[in-house]
Amino acid sequence: MPLAHTAYRPHPEVELLDIRPISIEDVVASLEASLGDDSSGKDEVPSVPGSSLVNYRHIPSIVESLKSNWIVARAADVSTKCFVEVRGRLEAHLSPCFMGERLVEGMRAAVGGLLMRYSVNLGCVPIGFKSLTPA
C-alpha cells in the first residue's frame, strides 16, 4: 500500500497518439512559445517541484543552441530531418497536494521527468512540450 504523501505510480506511463516531422523553425517557435506562456521573464523557469526543475532549466539554452547551430546548419544544406512533433497521452498518479490550483504544477513535474531522456514509447527524446492539459 502506498504512503499518503507519495504518488501511487511515481513514473508516468506514456502512450503515443501521433507523430509528424517538423522543421527546425517550428521547433524553435514552439519551445519559445511554451517558455513565454510559462514564465514572465526569459530566464525564469516555471514553478516545478522536485528534480524535474533541472530539465526545465535546460530549455532556454536548448532554444539558443537550436538558433545558433541548427538554423545555421540548415542554411548550409545539412539535413535537419531529425525533429518530430509527438502527440501523446500521459497517465500519472499525482500526490493529493496537487489538487486544485496546484494541478498544473503537478502535471509539469510528471512531464519533467520525461524531458531530455529517450522514451521507448515515443521513439524520441522529448525536449519540451507545447500544451499540457488534464484529461
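Scroll up for the structure.
Quick caveat: nothing in here was measured; it's all calculated off a predicted structure. (Residues numbered from 1 in each chain as written. Predicted model: local features only at pLDDT ≥ 70, side-chain atom pairs only at ≥ 80, totals over all residues. Heavy atoms only, no water.)

Looking at the nonpolar core
Phase 1 of the analysis: Among the nonpolar cores identified, the biggest contains 14 residues, and Val 27, Leu 31, Tyr 56, Ile 59, Val 63, Leu 66 and Phe 83 are the most heavily contacted of them.
Phase 2 of the analysis: Contributions of two or more residues to this core are made by α1 (24–38) and α2 (52–75). (Core = buried A, V, L, I, M, F, W, Y, C linked by side-chain atoms within 4.5 Å. Buried < 20%, exposed > 50% of the residue type's maximum accessible area, 1.4 Å probe, protein only. Helix = DSSP H or I, 4+ residues; strand = E, 2+ residues; numbered from the N terminus.)

Structural notes on the environment of Leu 115
Phase 1 of the analysis: For Leu 115, the position within the fold is in the segment after α3 (103–112).
Phase 2 of the analysis: Taking the C-alpha atoms as reference points, Leu 115 and Ile 59, 56 residues apart in sequence, are found 9.5 Å from one another.
Phase 3 of the analysis: Residues within four places of Leu 115 in sequence aside, it is in contact with Asn 55, Tyr 56, Ile 59, Pro 126, Ile 127 and Gly 128. (Contact = heavy atoms within 4.5 Å.)

Remarks on the pattern of salt bridges
Phase 1 of the analysis: As enumerated under the stated definition, the model contains five salt bridges in all.
Phase 2 of the analysis: When the shortest N-O distance is used, the salt bridge between Glu 85 and Lys 130 registers 2.9 Å. Of this pair, Glu 85 sits in strand β2 (residues 84–91) while Lys 130 sits in the segment after α3; the two residues are 45 residues apart in sequence, bridging distant segments of the chain.
Phase 3 of the analysis: Residue classification places Glu 85 among the partly exposed positions, given a relative accessible area of 21%.
Phase 4 of the analysis: One salt-bridge network, in which partners are shared between bridges, spans Arg 20, Glu 85 and Lys 130. (Salt bridge = Lys/Arg side-chain N within 4 Å of Asp/Glu carboxyl O.)

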